[in-house]
There are 4 protein chains.
Amino acid sequence: MRALSEWLPHDWRQRLYIIIFEADTREGRLFDIALLIAIVLSVLTVVVSSVPAVQATMPLPMAILEWFFTLLFTAEYIARLLSAHRPMRYALSFYGLIDLLAILPTYLAILVPELHGLIDVRLLRLMRAFRILKLTAYVNEAGVLSIALYNARRKILVFLGFISIIVVIFGTLMHIIEGPEHGFTSIPVGIYWAIVTLTTTGYGDVVPVTGLGKAITGFVMLLGYSVIAIPTGIMGAEIHSAMRRKTVTTRTCGQCQTEGHDPDARFCKHCGSKLGPYQTDSTPPPEPS
Amino acid sequence: MRALSEWLPHDWRQRLYIIIFEADTREGRLFDIALLIAIVLSVLTVVVSSVPAVQATMPLPMAILEWFFTLLFTAEYIARLLSAHRPMRYALSFYGLIDLLAILPTYLAILVPELHGLIDVRLLRLMRAFRILKLTAYVNEAGVLSIALYNARRKILVFLGFISIIVVIFGTLMHIIEGPEHGFTSIPVGIYWAIVTLTTTGYGDVVPVTGLGKAITGFVMLLGYSVIAIPTGIMGAEIHSAMRRKTVTTRTCGQCQTEGHDPDARFCKHCGSKLGPYQTDSTPPPEPS
Amino acid sequence: MRALSEWLPHDWRQRLYIIIFEADTREGRLFDIALLIAIVLSVLTVVVSSVPAVQATMPLPMAILEWFFTLLFTAEYIARLLSAHRPMRYALSFYGLIDLLAILPTYLAILVPELHGLIDVRLLRLMRAFRILKLTAYVNEAGVLSIALYNARRKILVFLGFISIIVVIFGTLMHIIEGPEHGFTSIPVGIYWAIVTLTTTGYGDVVPVTGLGKAITGFVMLLGYSVIAIPTGIMGAEIHSAMRRKTVTTRTCGQCQTEGHDPDARFCKHCGSKLGPYQTDSTPPPEPS
Amino acid sequence: MRALSEWLPHDWRQRLYIIIFEADTREGRLFDIALLIAIVLSVLTVVVSSVPAVQATMPLPMAILEWFFTLLFTAEYIARLLSAHRPMRYALSFYGLIDLLAILPTYLAILVPELHGLIDVRLLRLMRAFRILKLTAYVNEAGVLSIALYNARRKILVFLGFISIIVVIFGTLMHIIEGPEHGFTSIPVGIYWAIVTLTTTGYGDVVPVTGLGKAITGFVMLLGYSVIAIPTGIMGAEIHSAMRRKTVTTRTCGQCQTEGHDPDARFCKHCGSKLGPYQTDSTPPPEPS
C-alpha cells in the first residue's frame, strides 16, 4: 500500500495532503466546501432517481449523473490514499470505509445488477458535514450544543429510562384492555401505540375503541404533553449555563480575582480596579434593529 | 413619473407624505391602523369568497366588496406615488410591488377572467403588519424576539442541518425496509414520512407495516420528542439573555452616563467610579387578580 | 329585591355572608371546598348522562341526580341572594349569572323539554374553581404564573400575529396547489389544514397528495416544530424572572444595601455584616430524597 | 416465618443480606446490575412471546425461558426472605408484593391455565430500576429532576386543573356543535377528542366536519400549541434553580464548614468570615470533538 504513494513526487503529496486533510488553509477550506456541495448533489441524485416517474422517463441522465459522482468520488478516494501519511489507517478508518462504500455499488452493479440498490449507502457521506462543521465559524455554536448535550447526558438517560418503563407498562395494559380485535395484536404493537401516543405523534393507525382504553389514552397523552417539559427544561438549563460559561467566566479581575466580568467592562465591578483588555473571537451582539 | 407629483400643490404633497409614510405623528398612526384594518378585512373577503357555498349563493355582495377594496387600495397606491419623494423607488420597492400586485388582478380579470385567481396575492399585503408593528408599543417585544433569533441563528442552522441529515437517512432506510407496497414509493416519500414522524405531526397517511419499520418509527418519534428540547433550549437561553440585557439598561453611572450595569455591581465597569444604590423602575408585577 | 333579605334576622344574614362570600374563616373555607366538590360531581353527572348507553339503561337515577344538584344549587343561589350586601349586584355579576344559568334549564325543561339540552351550561360553574384557587395555598403558584403571563402578553400577541399570517398564507397556497379535488375545497379549509399541520397535530383528514404539496407540508411542519421554541422560550424566561422576584430580591442587607440574598443566608455576602431574620411564607426546598 | 431464616447459619445470612439489600459494596452493586439485566430480559421474553407468530412457531423455547426466569426469581425471592432482618415486613412491602406477583402466575397456570395471562404482571418489576438508580452515579441527576418536580408540583397541579376545565368545556361544546352524526356520540367522547386535539396528538379518529367545528378545533390546537409553554417554562425554571443549588454546594466555608456559597460571594453568608477564592471542581466542559 505504501508503494502507492511512491508514484507521486514528495512535494505533490505534501500539497495534496494540505488541501485534502487540512482545513486551516484557504485551499483546504475551498476543498471542504466543494466536497460538501458534491456530496449534497450526489445525495440529491440518489433521492430523485428513486422516484418511479423519474426512473421511467429519464433513466439515461440519471445513470450519467450517478457515474459522474462515482468517478469524482473515486478520484477523491485515490487522492486521499496517495496523500495520507498512513494510507492503510485512512482506508480502515470510519470515514475511509464510508468513502469506499459510497463508490463500490456502482462498480459492483456491472457484475451483479442486484447490488445496485446499495447506492443508497452514499447517503452516509452526508456525515462528513459534521467534520466540515468543525472547520468553520460554526464551531463555537456546535461547541455550546455539544457541551450542553454532554453535561445533560445522564439526566437524558434517566429520562429515557423512565419513558421506556412507562411505554412498556402502558403498551401491555392496552394489549390486555383492547385486545387483538381492536388492533392491539401483541405487546410490541401496544408499545408502538404507546410511543405514538406519548410523543403526541398520533398516527391514528392503532386507536382505542373501548371507553376504558380511551380514558387511558387521554391520560397517556396528557402525560406526554406534560413530561416533554423535562428534557426541554434540562436542555434549557444546560444550554444556558454552557452559553454563560462561554461568554463570561473567562474574564478575571487582576486585583480581587473575581470572575464573570462583562465583555464591555473596563473596570472591576467588585473592587473598582482597572481590567485588562478583553480578547475574544465571538461575534459582538447586534444592535436591536 | 415625476410629472405625476406635479399635479398636486407642494404643501398637499407634504401633508400626504407625513400621513402615509411617517408614523410618529398622530395622523400617521391613525392612517397605519386604518390601513391594517382595511387589509385584514380585504383578506377576510378573499378567504370567505373562496368557500363554494358563498360563491354559489351570493356572488354579487362578494364582487362589490372586492371592487370596494380594489378601489380603496388603488387610491392608496396613487396617493403613495403622488406623495413619495422618489415615486419610482417606491414603485420598485418590495412593498411597492406588493401594493401593485394586490390591485392588478381585479382589473386584469375584466379582460382575462382566468387571471382572477391571482386575487389571492392580496394576502401578501398582510406583511405590512410587520412594518406597522415597528411603530407601536410592541417594538420592544419584537426587538427582544428578533435579537434572540439573530443571536440564535447559527445554532438553529446547525440544528436544522442535523435534522435534515437525520430525515434523509431515515427516509431512505424506510424506503428500503417498507418498500413501495406499503406506501413508501420513493425516497422523497420516505423523507416526507420522516418529517411527519420526527416533528410528531403524525398524519397517518404513510405508516409502517412491518415490525422492523415500526421499531424504527418508535425510535424516530422518541428522537423527535427529545430533540425538540434543543431549539427550545436555545431560544429559551437567548430570550433570557436578550431580556436581561434589556432589563439592566436602566441603571446609569452618574459619572460617565453609561447604561446597562448589573444589579449587583458596586462600581461602574466603564469608568471605575462608585455607583449609586440600585433602584429598579421596571413595571411592578400585577397583583394576582 | 332588597325586601328578600328582610325575611332573615340580621345576625343570620351576617353569618351566612361570612360562610358564603368570605374565605379566610374556617367555615368559609369548608363551604368553598364543599361547593367545589358539589360542582365537580354535578358536572360529572352531566358528562356521564350524555352517554347513550347510560341514557338508555338508567334514565331515572340520572334524573334524580340532576334534580338533586338543581335543588342544591337553587338553595345556594337563594342563600347568596339573601346574604349578599347588594343582592342585585350579585345577581347581575358574571358569577351570579352563571349561578342562575346553571339551575334554570332543569326548571324550564318541565315546560319546554327541548330546552333540556341547556343543562350543559352547568359546566361553566367549573370556573368557580378559579375563584376558590385564590383562597388556598395555591395562590402563590397561580400568582407566579399570572405574573409571567401578564409580562409575556405582548410577546405572545406578536407571536400569535406572526402565526396567523403564516397560517393564512400557507392555507391559501395549498388551496391553489392541491385544489378541491384533493380535499382543499376552500381557503378556510386550507387554513384549517395549516393550523393542523403547523401545530404538529396532524389529524390526517386533509392531506397533501402532490409532490409540491408534500414538500410545502414538510416545510410547514419543520417551521411549527422549530417555532414552538419561541412561546416556550418567552414563558421560560418570564417564569424564571417571576419566580426569582418572588424568592430572592426582597431580602436586603441593612449595611451595604445589596439585594438578592439567599433565604438561608445569615450574613451579607458582599460586606460580611449580619442580616436580619428572613421572613417568608413559602415552603422550604426539600432535601433530595 | 422467622423460622425460615433459622435454616441458614448466621454469617451466611449476613453475607446474603449485604449482597441483596445493600448497594455500597462491590458485591451488592454487581448483584443489583445482574438483577436489572435479568428483569429486562424477562420482560423482553414476556413482550416477545405475546406476538402471535412467535406463539405459533416456537412455543417451547418461550416456555423454557419463562420457567427459567420464574425459577430464578423464585430463588431470589426465597433468598430475600431468608436474609431479610424482618422477612414479614419485606413480604408485605410494595416491592415484596411485586416480587411475589412476578412469580405466581407461572405456578398458578399449572392448575388454572386461564391465569397465565397474569404473567404480564412481571413488567412491574421494571420499577426496581428506580431503586437501583438511587445507588449509582445517576443519583445526582435523578435528585435534580426530583427536586425540580417536587418544587413544581403545585404549579403543575394548577396547570392540570386549568387543562381539565378547558377540556371538559370544549368537549361539551363540540358534542353540541358536531353531534352524534359526526362521531361526537357523547360528552366523554368529546372530552377524549379535546385531549387528543389540545395535546396536538391528532389521531384523526374523531374529527370536526362542520365549519364552526373546524374553527373551534383550530382555536383548541393553537391553545394547546401555546399553552405547552407553561409546563415547559415551569420545569425549565425549576431545573435551572435546582441545578444551580446543586452546582454551588462545592464551595465550603473554611470557618463553619457550610456548603453552597455563591460563586461571587466574598464572605460566608452563615458565619460572616471571609471566604477563600472560588475554585470550581466541576467536570470541565469537553472540547468540541
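See the structure shown above.
Bear in mind the structure is a predicted one, so any value in this text is a computation, not a measurement.

All names here are of chain B. For T200, which is not glycine, the phi dihedral falls at a positive 55°. Within the secondary structure, T200 sits in the loop between helix 10 (187–198) and helix 11 (211–227). By relative accessible area, T200 is classed as buried at 8%.

Its rotation angle being 90°, the transformation that places chain D on chain A also includes 0.0 Å of axial translation and leaves an RMSD of 0.1 Å. Accordingly, the operation relating the two chain copies is best matched by a four-fold axis. In this assembly the copies use different faces: only 15% of the residues contributing to the interface of chain D also contribute to that of chain A.

Residue and element names in this part refer to chain B. Remark: helix 2 (residues 10–21) packs on helix 5 (residues 59–83), axes separated minimally by 9 Å, with the N-to-C direction vectors making an angle of 120°. Compared by their axis directions, helix 2 and helix 5 come out oblique. Considering the relative orientation of helix 2 and helix 5, their crossing is left-handed. Here R13, L16, Y17, I20 and F21 of helix 2 lie close against helix 5, whose contacting residues are A79, R80, L82 and S83. For the contact of helix 2 with helix 5, a count of residues per class yields six nonpolar, one polar and two charged.

Right, let's talk about helix 3 (residues 26–49) of chain C for a bit. In this model, helix 3 of chain C (24 residues) spans 35 Å end to end at C-alpha, consistent with the 34 Å of a helix rising 1.5 Å per residue. Those residues of helix 3 of chain C lying buried are G28, D32, L35, A38, I39, S42, V43, T45, V46 and V47 of chain C.

Moving on, we get to the packing of helix 11 (residues 187–198) of chain A against helix 11 of chain B. Running from N to C, helix 11 of chain A and helix 11 of chain B cross one another at 25°; their axes reach a closest spacing of 9 Å. Here helix 11 of chain A is positioned roughly parallel relative to helix 11 of chain B, judged by the angle of their axes. Crossing handedness for the pair helix 11 of chain A and helix 11 of chain B: left-handed. For the pair formed by helix 11 of chain A and helix 11 of chain B, the contact residues are V189, Y192, I195, V196 and L198 of chain A on the first element and K214, T217, G218, M221, L222 and Y225 of chain B on the second. Along the lines of polarity and charge, the residues of the contact of helix 11 of chain A with helix 11 of chain B split into eight nonpolar, two polar and one charged.

Conventions used here
- Residues numbered from 1 in each chain as written.
- Chains lettered and ligands numbered in written order.
- Predicted model: local features only at pLDDT ≥ 70, side-chain atom pairs only at ≥ 80, totals over all residues.
- Heavy atoms only, no water.
- Helix = DSSP H or I, 4+ residues; strand = E, 2+ residues; numbered from the N terminus.
- Buried < 20%, exposed > 50% of the residue type's maximum accessible area, 1.4 Å probe, protein only.
- Least-squares fit on C-alpha atoms with pLDDT ≥ 70 in both.
- Contact = heavy atoms within 4.5 Å.
- Axes fitted to C-alpha atoms, helices over the stretch in contact; angles between N-to-C directions.
- Parallel < 35°, antiparallel > 145°, perpendicular 65-115°, else oblique.
- Left-handed = near helix turned anticlockwise from the far one by under 90°.
- Nonpolar A, V, L, I, M, F, W, Y, C, P; charged D, E, K, R; others polar.
- Expected span 1.5 Å × (residues − 1).

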